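# Report on the structure
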Number of protein chains: 2
Amino acid sequence: MSACKRIFADSGQINNCRKVIKDNQRFFADLSRIVALAGNEVRLKILFLLDEERELCPCDLSDILEMTIPAISQHLRKLKDGGVIQSRKTGQTIFYSVCTVQLPLLKLFFSMISGSPMEINA
Amino acid sequence: MSACKRIFADSGQINNCRKVIKDNQRFFADLSRIVALAGNEVRLKILFLLDEERELCPCDLSDILEMTIPAISQHLRKLKDGGVIQSRKTGQTIFYSVCTVQLPLLKLFFSMISGSPMEINA
DNA sequence: ATTGTATTTAAGTAACTGCTTAAATACTTA
DNA sequence: TAAGTATTTAAGCAGTTACTTAAATACAAT
């Protein structure tokens, strides 16, 4: 885009940055996709609840969050498609839980900011 | 919503969860707002670049990310409104940098997932 | 003062998100 | 096999997002 003609622009710096961004294109796409999943208030609550309770069914989540089952189900699908949660079926009930790989990320989300539920309800 | 009439639902568990969610309503709203900011691929790259280079102007970012200046400027505004970045003015140039308070969160975003730029370019 | 540079703001728009309701699927039990 | 329960899927729609282009603002230099 090069809209600026400034003198102090360090073209070495610019080119280096451009390279880093290009070389890691995939990383940024993947990470932003996952972070965006947690950037929705309902999904963040779902992740928090699954983390705390180990596993819950759509019906539980519907009761807790006071939302319709289809609304919950659609969020669960996004989280599952994103590889953040997994499911196990028992009879007609489907239990969802956080994929163990993603747990550290979640723990950090919830422990990082002061005044988090973890601290309050410790 | 209580759409399910299942026998095994633990109403104590449900009520406890409901309480935790309600008591921490503000926390979830605030955290999801910030996480959503980083959940956009362009903004994630901007945050990464500001973190790595210490500070950059909209013009630099436009060059690096190959996007128009207004597009960059609008992302910077959202990040600034969200309290994630700050700006300093020198002549006609405005330099943006990550608020120090938010740095730990960012470092984690970028270091957490295997194959991150940090590791690749160490 | 006038011209030029850096940035923001504003208006318009295409694409995406998250809900709703209704219908479909799948399992269970009578 | 019929009726009921748990869940998903699909269609529709209001609200939001992220870009585009054009205009406005602010500082610098001649």
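Overview of the structure.

Thresholds, definitions, all that
Residues numbered from 1 in each chain as written. Chains lettered and ligands numbered in written order. Predicted model: local features only at pLDDT ≥ 70, side-chain atom pairs only at ≥ 80, totals over all residues. Heavy atoms only, no water. Helix = DSSP H or I, 4+ residues; strand = E, 2+ residues; numbered from the N terminus. Buried < 20%, exposed > 50% of the residue type's maximum accessible area, 1.4 Å probe, protein only. Areas by Shrake-Rupley, 256 points an atom, 1.4 Å probe, with all protein chains shown as cover. Near = heavy atom within 4 Å. Polar contact = N/O pair within 3.5 Å; in protein donor to acceptor, adjacent residues only side chain to side chain. Nonpolar A, V, L, I, M, F, W, Y, C, P; charged D, E, K, R; others polar. 1 Å grid on protein atoms, 1.4 Å probe; cavity = no way out; pocket = protein on both sides within 12 Å on 5 of 7 lines; lining within 4 Å. Points joined across faces, edges and corners; volume = space filled by probe spheres on them. Phe/Tyr/Trp six-rings, centres within 6.5 Å; stacked < 30°, edge-to-face > 60°.

### Side note on the overall build of chain A
The number of helices and strands found in chain A is seven helices and two strands. Starting at the N terminus, the α and β elements of chain A follow one another as α-α-α-α-α-β-β-α-α. By residue count, 43% of the 122 residues in chain A fall in the buried class. Surface exposure of chain A reaches about 6,400 Å², of which carbon and sulfur atoms provide 53%.

### A short note on the protein's contact with DNA strand C
Lining the immediate environment of DNA strand C, one finds 27 residues, of which Asn40 and His75 of chain A together with Ser73, Gln92 and Tyr96 of chain B sit closest. Counting only atoms of DNA strand C within 4 Å of the protein, the sugar-phosphate share comes to 73%. For DNA strand C, a phosphate oxygen lies 2.3 Å from a polar atom in the side chain of His75 of chain A. Within the side chain of Gln92 of chain B, an N or O atom sits 2.4 Å from a base oxygen of DNA strand C. Considering only residue class, the surface near DNA strand C consists of eleven nonpolar, ten polar and six charged.

### Overview of empty space enclosed by the protein
Residue and element names in this part refer to chain B. Within this structure, the stated rule accounts for two cavities of 30 Å³ or more. A volume near 70 Å³ is recorded for the largest cavity. Every residue along the wall of the largest cavity is listed here: Ile34, Leu37, Ala38, Leu47, Val84, Gln102, Leu105, Leu106 and Phe109. Residues of the lining of the largest cavity, tallied by class, amount to eight nonpolar, one polar and no charged.

### Side note on the packing of aromatic side chains
Here the distance between the centres and the angle between the planes together describe a pair of aromatic rings. Overall, the coordinates contain four aromatic pairs over all chains when judged by the stated rule. Ring geometry for Phe27 of chain A versus Phe28 of chain A: centroids 5.2 Å apart, planes at 70°, classification edge-to-face. Of the two residues, Phe27 of chain A and Phe28 of chain A, neither departs from the other in class, the shared state being buried. Summarising the aromatic geometry, the rings of Phe48 of chain A and Phe28 of chain B are spaced 5.1 Å apart at their centres and angled 70° between planes, so their arrangement reads as edge-to-face. One end of the pair, Phe48 of chain A, is in helix 3 (residues 41-53); the other, Phe28 of chain B, is in helix 2 (residues 25-38), on a second chain. Owing to a relative accessible area of 0%, Phe48 of chain A belongs among the buried residues under this scheme. Each residue in the set Phe27 and Phe28 of chain A together with Phe48 of chain B is aromatic and connected to the rest through ring pairs, giving one cluster.

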